[in-house]
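# Structural features, examined
Spelled out, the chains give:
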Amino acid sequence: MLHDLVANVKDQQSLMKNIFLPFSRPSISETDIAAVAEILRSGWITTGTKCTEFEQNICEYTSSRHAIALSSATAGMHLALYASGIGPGDEVITPSMTWVSTINLITACGATPVFADIDRDSLMITADTITPLISRQTRLIIPVHYAGAAVELEPIQDLARENNIILIEDAAHAIGTEYRNKRVGANGSAIFSFHPIKNITTGEGGMFCTDDQTLADRIRRLRFHGLGVDAYDRQTHGRAPQAEVQEPGFKYNLPDMNAVLGIGQLQRLDELNKRRATLAQLYLQQLASVEHIIPLIQPESTTHHAWHLFIIRLDIDRAGISRDTFMSELKSKGIGTGLHFRAVHKQKYYKEHLQSKYELPNTEWNSERICSLPLFPDMRDEDVTRVVDAIKSVLRSTTK
Ligand SMILES: *Cc1c(COP(=O)(O)O)cnc(C)c1O
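Residues numbered from 1 in each chain as written. Predicted model: local features only at pLDDT ≥ 70, side-chain atom pairs only at ≥ 80, totals over all residues. Heavy atoms only, no water.

Looking only at helices and strands, the protein chain features 14 helices and 16 strands. Overall size of the protein chain, expressed as C-alpha extent along the three principal axes, is 75 × 55 × 40 Å. The buried share among the 400 residues of the protein chain stands at 54%. Restricting to contacts in the protein chain with at least 6 residues of sequence separation, those with at least 24 account for 73%. Summed over all atoms, the accessible surface of the protein chain reaches about 18,700 Å², with 50% contributed by carbon and sulfur. Charge-centre separation for the protein chain: the mean point of 41 positive side chains lies 4 Å from the mean point of 47 negative side chains. (Helix = DSSP H or I, 4+ residues; strand = E, 2+ residues; numbered from the N terminus. Buried < 20%, exposed > 50% of the residue type's maximum accessible area, 1.4 Å probe, protein only. Contact = heavy atoms within 4.5 Å. Areas by Shrake-Rupley, 256 points an atom, 1.4 Å probe, with all protein chains shown as cover. Lys, Arg positive; Asp, Glu negative; His and termini not counted. Charge placed at Lys NZ, Arg CZ, Asp CG, Glu CD.)

On to the layout of surface pockets. Computed from the structure, the second largest pocket encloses a volume of approximately 400 Å³. If you trace the second largest pocket, you find 17 residues lining it, with Ile 165, Ile 166, Leu 167, Ser 189 and Asp 212 closest to the centre. When contributions to the lining of the second largest pocket are tallied by element, the ones reaching two or more residues are α7 (153–162) and β5 (166–167). Sorting elements by how many residues they give to the lining of the second largest pocket places α7 first, with three residues. Its residues assigned to classes, the lining of the second largest pocket shows seven nonpolar, six polar and four charged. (1 Å grid on protein atoms, 1.4 Å probe; cavity = no way out; pocket = protein on both sides within 12 Å on 5 of 7 lines; lining within 4 Å. Points joined across faces, edges and corners; volume = space filled by probe spheres on them. Nonpolar A, V, L, I, M, F, W, Y, C, P; charged D, E, K, R; others polar.)

As a further point, take a nonpolar patch on the surface. Nonpolar side chains collect at one region of the surface, where Leu 40, Ile 45 and Met 257 lie side by side and expose about 250 Å² of accessible area between them. By the secondary structure assignment, Leu 40 is in helix α2 (residues 30–42). (Patch = residues over 30% accessible without salt bridge, like charges linked within 9 Å, V, L, I, M, F, W, Y side chains within 5 Å. Salt bridge = Lys/Arg side-chain N within 4 Å of Asp/Glu carboxyl O.)

So this is what it looks like as structure tokens:
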């Protein structure tokens, strides 16, 4: 009997070892599922009261004045560029170490992306790297809050104000992040993402937060065909049929079936982020003694880290393998990893179409070395140990 039991436990352990550990997985509760099912049964599944409620809850959580729910953060970026009138001849300063959507949209608008280099250990652009790039054509700066840490914002805000440049924060990684004791989104304009890998999800979705009433009205109108913002009919729960086009717009609204998921997720956000922080601390402790692995450094102005990602840099000069080999070795051991991000100026289209006038040593250094380890709230403490053991084993077999 005991023998059977032991064999069984051993089977289970080897089974666990073989189960692939993804680098990210959304945390969906039974309550989330029930809430979505209720909307599906309700007869109204697209944008309506749940969307409004989600927007209000985000305003309360972040202390932002206006929040406009969208189908993605990318949609938010498009509307921000469009509402800012960005077009041919204009320059937008942003990192190359970011998700491609920002650069794609700047380019699609006919404007020119101008890449500022990042701080080597936080992966974020700084006022110092932005300043020399400001020209008469500069219309907009889009810094990125990275991995759950906050960008050093105040000096960038000063720069933008002095030079009459618009500032929009890419806060896709930063729901719950605090910069100097204030939540990201509390001031200015910031765009959040609720893609399934982000800290909370609506399936797909995004939120444009701003303290600018005129911009908020415009984004709200552009989100839905450019129809008047007061066109919502309470009785029919829909657009008043008489609503008229105020200007040509787009279709980037967030359906209630998605928004209701966001409402439930937001209620759990602090708890989910706390679990992420615990796992991140475990990684930091366990990796401290592992050679050739360099974690990021948390900026002092980040008073609360949302731990969207746990990023390490592989010391490829001494580890004896490339980062890509490191990732595939981990994969063969059942560990999923991510890459946030491959520098945009190093990608096919941009290599061929952008002038290579940029010197981005820190971006390029990191682009070859970064790797995101598994980090999601439903991970167990043992999973961290499993990842660290796998890393040690990969490095042991390759280090000369
Ligand atoms: C995820 C992400 C986006 C895009 O978000 P979507 O909601 O998928 O459009 C933009 N910027 C950064 C830094 C991201 O990580």
